[in-house]
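Here is what each chain is made of, one letter per residue.
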Amino acid sequence: MKHWRALGDTTHQVWLLLLLNALLWTLLPWLSVYSLPLDVVEGLFWGQEWQWGYYKHPPLPAWLVNLSWMGLGDLGPFVLSQLSLLITFVYVWRLGLRLLGREQAALGTLLLLGVYYFTWPSPEYNHNIAQMPIWAAAVFYYHRALHSQHYRDWLLLGFCAALGLLTKYVTLVLLAVLFLHLLTRSSGRKQLLRWPLWSAVALMLLVCLPHLIWLVQHEFLPLQYAQQRSNGSNGLQAHLFGPLKFLLVQLLDHLPLLLLLAATGLLRSGIWSRDQADADARWFLICIGLGPALLTALVAGVTGTGLRDMWGTPMWNLSGLLLVSWWITPLSVIAQRRLLRGTWVMVLLLIALRLVDMSLLPYLKDKPSRTGWPDKAMATQLEREWQADTLCPLRVVAAEYWLGGLVSLRAAERPSVLVEGRFDYSPWIEPQQLAHTGALLVWQESAMPAALAALGEPSRQGELQLDWPVSNAEPLTLYWAILPPAMACE
């Protein structure tokens, strides 16, 4: 009875810690930043256009971040990010209950706070963080479908797969790993001949169909962009060193977790066992926990495709469960309390360091951080110049995505952004529409970019200087020009 009471207390304490961690990572970054993070700003001006795709990515995260901002203002994206992590924790915990048991499910979920992706970069909601709960849910429903063989579970997996593909195409890696795991089980291979699995595939394709149509209509623009950004080559760097670096960085992203275990005495040899966990459960965790990163590195090595370290963000939801599956459990009450105290110390230390990085270090750098831009002053003064010249509402800002996104977010009527002056990057704006509404052109270098100059002859242009709110750097210098509307406004 005492043991079960201890398990209950541990589970409750784990969830209390996870909830308070989410609260701290929501409120403190929100209170310490002056402008929103880069990916959030970009997602907001995408999301307000409600497209079925954007030139970099599928649409779902942009829709969600825009909805969060519409509901909660600047707090919304920070809430959305931590909510994504909490949903991830819920599905990891539920999977742990199925595979390992109550204590290991709780501790395996807790250990995720030692993985870099769950803490330091979490204030910046983006497509990587948006994938995390979807991957965790997909893995959970896959495991349940594999054992229940019910239509409901396969359809839930298909729906999660569709949401993943509407978030980021790297979800294909997860689906490939799930398929390979399926092939390793005789009962799994039989599913390939049954309708429940294929109903999941059909639902996935149906949900993704509008985006697939958009891709065809826009010549697979996100894939072109990804190919350009990956910097693929045929050299040794792309085929060997790049994939090895990706795997090494993923290991280093687990360094806080390893330090936590070492500090709490949970790396000693007496706590590890080869035999305690169910063999199928452990094989599942090895395949799904390590497979996505290994497969990504393998494909990149074969094709020479460049890798970005942050692509590993959703791949490590099972790291904690994989570790505790090798522990001799139940842990003593003393060991559990030591781990909980150590996690509290780590959480508070990491968030303190992150706050220093976001709010104090910019004063020591020559280059201000993205979260320290004078966005409101910039939008106010630029909009004032526009109004003085046109007397019209500002409908379009033509600029690179960071400048355009800041002006769009803080201007009175959230104008659309013509990204880098490119209509293919901004299909929500037509050349005829631009002639009618005009546009405010904004850039940072002294010479106007050729793509902006090609939009038309400005009626007036000038220079703007603004002090940095969170930096001692030289004032920010921006250049602007007004492409007047076809008709005057009153």
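Residues numbered from 1 in each chain as written. Predicted model: local features only at pLDDT ≥ 70, side-chain atom pairs only at ≥ 80, totals over all residues. Heavy atoms only, no water.

Undergrad: How should I be thinking about the packing of aromatic side chains in this particular structure?
TA: Aromatic ring pairs: the centre-centre distance and the angle between the two ring planes describe each pair. A complete count under the given rule lists 19 aromatic pairs for this structure. When the ring of Trp 46 is compared with that of Tyr 54, the centres are 5.3 Å apart and the planes differ by 10°; the resulting orientation is stacked. Ring geometry for Phe 140 and Tyr 141: centres 5.2 Å apart, planes at 70°, overall edge-to-face. Phe 140 gets classed as buried once you look at its relative accessible area, which sits at 2%. Members of the aromatic cluster, joined through ring pairs, are Phe 45, Trp 46, Tyr 54, Tyr 55, Tyr 225, Tyr 425 and Trp 428. The ring of Tyr 34 has Lys 376 sitting right over it, with the charged end atom 5.4 Å from the ring centre. One residue, Arg 422, lies across the ring of Tyr 425, its end atom 3.8 Å from the ring centre. (Phe/Tyr/Trp six-rings, centres within 6.5 Å; stacked < 30°, edge-to-face > 60°. Buried < 20%, exposed > 50% of the residue type's maximum accessible area, 1.4 Å probe, protein only. Lys NZ or Arg CZ within 6 Å of the ring centre and 35° of its normal.)

Undergrad: So what exactly am I meant to see when it comes to the sheet that holds strand S3 (residues 439-443) here?
TA: Note: strands within a sheet are paired through backbone hydrogen bonds, in either parallel or antiparallel orientation. Judged by pairing direction, the sheet is mixed, and its five strands sit side by side in the order S2-S1-S3-S5-S4 without closing on themselves. In this open sheet, the two edge strands, each paired with only one partner strand, are strand S2 (416-419) and strand S4 (460-466). Recorded for the sheet is a direction-independent mean angle of 25° between the axes of neighbouring strands. Looking at chain direction, S4 and strand S5 (residues 476-483) are connected through seven bridges and run antiparallel. Within S5, the position partnered with Leu 466 by the bridge is Leu 476. Set on the sheet, helix H17 (residues 375-390) makes contact with S3, S4 and S5; between it and S4 the angle comes to about 155°. Helix H18 (residues 401-410) contacts strand S1 (396-399), S2, S3 and S5 of the sheet and is inclined by roughly 155° relative to S1. (Pairing = 2+ DSSP bridges. Helix = DSSP H or I, 4+ residues; strand = E, 2+ residues; numbered from the N terminus. Axes fitted to C-alpha atoms, helices over the stretch in contact; angles between N-to-C directions. Contact = heavy atoms within 4.5 Å.)

Undergrad: How should unusual backbone geometry be read in this particular structure?
TA: For residues that are not glycine, phi is negative in most cases, and the peptide bond is trans in most cases. Omega for the peptide link from Thr 329 to Pro 330 comes to 10°, which places this bond in the cis form. A positive phi angle is found at Glu 219, which is not glycine, with a value near 55°. Tracing the backbone through its elements, the reader meets Glu 219 in the loop between helix H10 (195-217) and helix H11 (221-230).

Undergrad: It is not clear to me how the pattern of salt bridges should be interpreted in this structure. Could you clarify?
TA: Think of it this way: side chains of opposite charge can pair up when their charged atoms draw near. Taken as a whole and assessed by the stated rule, the structure comprises 13 salt bridges. For the salt bridge of Arg 410 with Asp 375, the shortest nitrogen-to-oxygen distance reads 2.8 Å. With Arg 410 in helix H18 and Asp 375 in helix H17, this residue pair connects regions lying 35 residues apart in the sequence. A single burial state applies to Arg 410 and to Asp 375, both of which are buried. Arg 460 is the partner of Glu 385 in a salt bridge, and the nearest nitrogen-oxygen pair spans 3.2 Å. Taken together, the positions of Glu 385 in helix H17 and Arg 460 in strand S4 put the pair 75 residues apart, joining distant regions of the chain. (Salt bridge = Lys/Arg side-chain N within 4 Å of Asp/Glu carboxyl O.)

Undergrad: Mind showing me how you'd approach a nonpolar patch on the surface here?
TA: A contiguous nonpolar surface patch, about 640 Å² in accessible area, is contributed by Leu 248, Leu 251, Leu 252, Leu 255, Leu 258, Leu 259 and Leu 267. Those elements that place two or more of their residues in the nonpolar patch are helix H12 (236-252) and helix H13 (255-263). Tracing the backbone through its elements, the reader meets Leu 267 in the loop between H13 and helix H14 (279-303). Relative accessible area serves as the criterion here: at 40%, Leu 267 is assigned to the partly exposed category. (Patch = residues over 30% accessible without salt bridge, like charges linked within 9 Å, V, L, I, M, F, W, Y side chains within 5 Å. Areas by Shrake-Rupley, 256 points an atom, 1.4 Å probe, with all protein chains shown as cover.)

Undergrad: Hey, could you run me through the packing of helix H8 (residues 171-183) against H14 in this one?
TA: Describing two packed helices takes the angle between their axes plus the distance from one axis to the other. Contact geometry for H8 and H14: axes closest at 9 Å, N-to-C directions at 135°. When the axes of H8 and H14 are compared, the pair comes out oblique. With respect to the hand of their crossing, H8 and H14 are arranged in right-handed fashion. Across from Val 173, Leu 174, Ala 176, Val 177, Leu 178 and His 181 in H8, the residues of H14 making contact are Trp 283, Phe 284, Cys 287, Ile 288, Gly 291, Pro 292, Leu 295 and Thr 296. Here the residues of the contact of H8 with H14 are counted per class, giving 11 nonpolar, three polar and no charged. (Parallel < 35°, antiparallel > 145°, perpendicular 65-115°, else oblique. Left-handed = near helix turned anticlockwise from the far one by under 90°. Nonpolar A, V, L, I, M, F, W, Y, C, P; charged D, E, K, R; others polar.)

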